[in-house]
Amino acid sequence: PAWILFLGGVGISTGLTFFGQPVMETVGKKITSLVPTKGFCVELGTALTVLVASELGLPLSTTHTLIGCIVAVGLSSGDKNILNGKVLRNIMFSWGVTLPVSALVTVICY
């Protein structure tokens, strides 16, 4: 139904308004330092992964894919200390909390 699409659009717009800048700073600067060439590799890897998964009919999170590509590009430098482990732990924790919190909110709203 159209009202569900409308609510989804409102939710995405609200999230971007309030949390867009901090999320972009975390992804772009706090996990590892990205220069333009590394940024290109991250974007290309993300795009190719999403395209292949879509072609195979696999559900995929572009955000998870992007973070995975950032980690892979960071590790490709050969220095394991180039990644900010604290930021990565916080990201993984937030991913783990998302599903139960979303389920709880759905139960309350439904």
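In what follows, the structure referred to is the one given above.
Just so we're clear, the structure is a prediction, and the values are computed from it rather than from any experiment.

## Considerations on the environment of W3
Then, number 1: Following the sequence through the fold, W3 ends up in helix α1 (residues 2–30).
Then, number 2: Linking W3 and N84, residues 81 residues apart in sequence, is a C-alpha distance of 41 Å.

## Focus on the side chain of T46
Then, number 1: Structurally, T46 can be placed in helix α2 (residues 36–55).
Then, number 2: Apart from residues no more than four positions distant in its own chain, T46 is found in contact with T62, T65, L66 and C69.

## A few points about the packing of α2 against helix α3 (residues 62–75)
Then, number 1: The geometry of α2 relative to α3 is characterised by a closest axis approach of 9 Å and an angle of 135° between their N-to-C directions. Classed by the angle they form, the pair α2 and α3 counts as oblique. Along this stretch, α2 crosses α3, giving a crossing that reads as right-handed. When α2 is examined against α3, the residues K38, C41, V42, E43, G45, T46, T49 and V50 are found in contact with a partner set consisting of T62, T65, L66, C69, I70 and V73.
Then, number 2: Residues of the contact of α2 with α3, tallied by class, amount to seven nonpolar, five polar and two charged.

Reading the values: the criteria
Residues numbered from 1 in each chain as written. Predicted model: local features only at pLDDT ≥ 70, side-chain atom pairs only at ≥ 80, totals over all residues. Heavy atoms only, no water. Helix = DSSP H or I, 4+ residues; strand = E, 2+ residues; numbered from the N terminus. Contact = heavy atoms within 4.5 Å. Axes fitted to C-alpha atoms, helices over the stretch in contact; angles between N-to-C directions. Parallel < 35°, antiparallel > 145°, perpendicular 65-115°, else oblique. Left-handed = near helix turned anticlockwise from the far one by under 90°. Nonpolar A, V, L, I, M, F, W, Y, C, P; charged D, E, K, R; others polar.

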